[in-house]
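Spelled out from the first residue to the last, the chains are:
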Amino acid sequence: MRIQYNVLTEETKVNGSIEALKLNRLLKSKIVLTEAEFIEMVQSSARFFIDNEITNPAEYYGQN
């Protein structure tokens, strides 16, 4: 599943579906969100990164 979200225009493009992710046996049990909730999470994260001028989320969350 690929989600493209334009924060300025709030336009969202989705290619694929969450069902394809659920076919992966390693991810299957970890996906508890609906497709709409998953898309909202991506949109919300994008807005958060832009609003807080975060250019490297991994560094921000201390994953480097």
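What counts, and at which threshold
Residues numbered from 1 in each chain as written. Predicted model: local features only at pLDDT ≥ 70, side-chain atom pairs only at ≥ 80, totals over all residues. Heavy atoms only, no water. Buried < 20%, exposed > 50% of the residue type's maximum accessible area, 1.4 Å probe, protein only. Helix = DSSP H or I, 4+ residues; strand = E, 2+ residues; numbered from the N terminus. Pairing = 2+ DSSP bridges. Phe/Tyr/Trp six-rings, centres within 6.5 Å; stacked < 30°, edge-to-face > 60°.

*Asks:* Help me understand the pairing of strand S1 (residues 2–6), please; the structure alone is not making it clear to me.
*Replies:* In the case of a regular strand, side chains alternate between the two sheet surfaces. Taking every second residue as pointing to the same face, the buried face of S1 carries Ile3 and Tyr5, while none of Arg2, Gln4 and Asn6 on the other face is buried. One ladder, built from 5 bridges, connects S1 with strand S2 (residues 11–15); its direction is antiparallel. Paired with Tyr5 across the bridge in S2 is Thr12. The hairpin formed by S1 and S2 contains 4 residues between the paired strands, and Glu10 there has a positive phi angle of roughly 60°.

*Asks:* Just checking my understanding: could you explain the packing of aromatic side chains for this structure?
*Replies:* For any pair of aromatic rings, the description consists of the separation of the ring centres together with the inter-plane angle of the planes. Across all of its chains, the model carries 4 aromatic pairs by this definition. Relative to Phe49, the ring of Phe48 has its centre 6.0 Å away and its plane inclined at 65°; by these criteria the two rings are edge-to-face. Centre to centre, the rings of Phe48 and Tyr60 are 5.9 Å apart; their planes meet at 65°, and the pair counts as edge-to-face. Residue Phe48 is located in helix H2 (residues 35–51), and its partner Tyr60 is located in helix H3 (residues 57–60); the two are separated by 12 residues in the primary sequence. Judged by its relative accessible area of 32%, Phe48 falls in the partly exposed class. By relative accessible area, Tyr60 is classed as partly exposed at 47%. Joined through ring pairs, the aromatic side chains of Phe48, Phe49, Tyr60 and Tyr61 make up one cluster.

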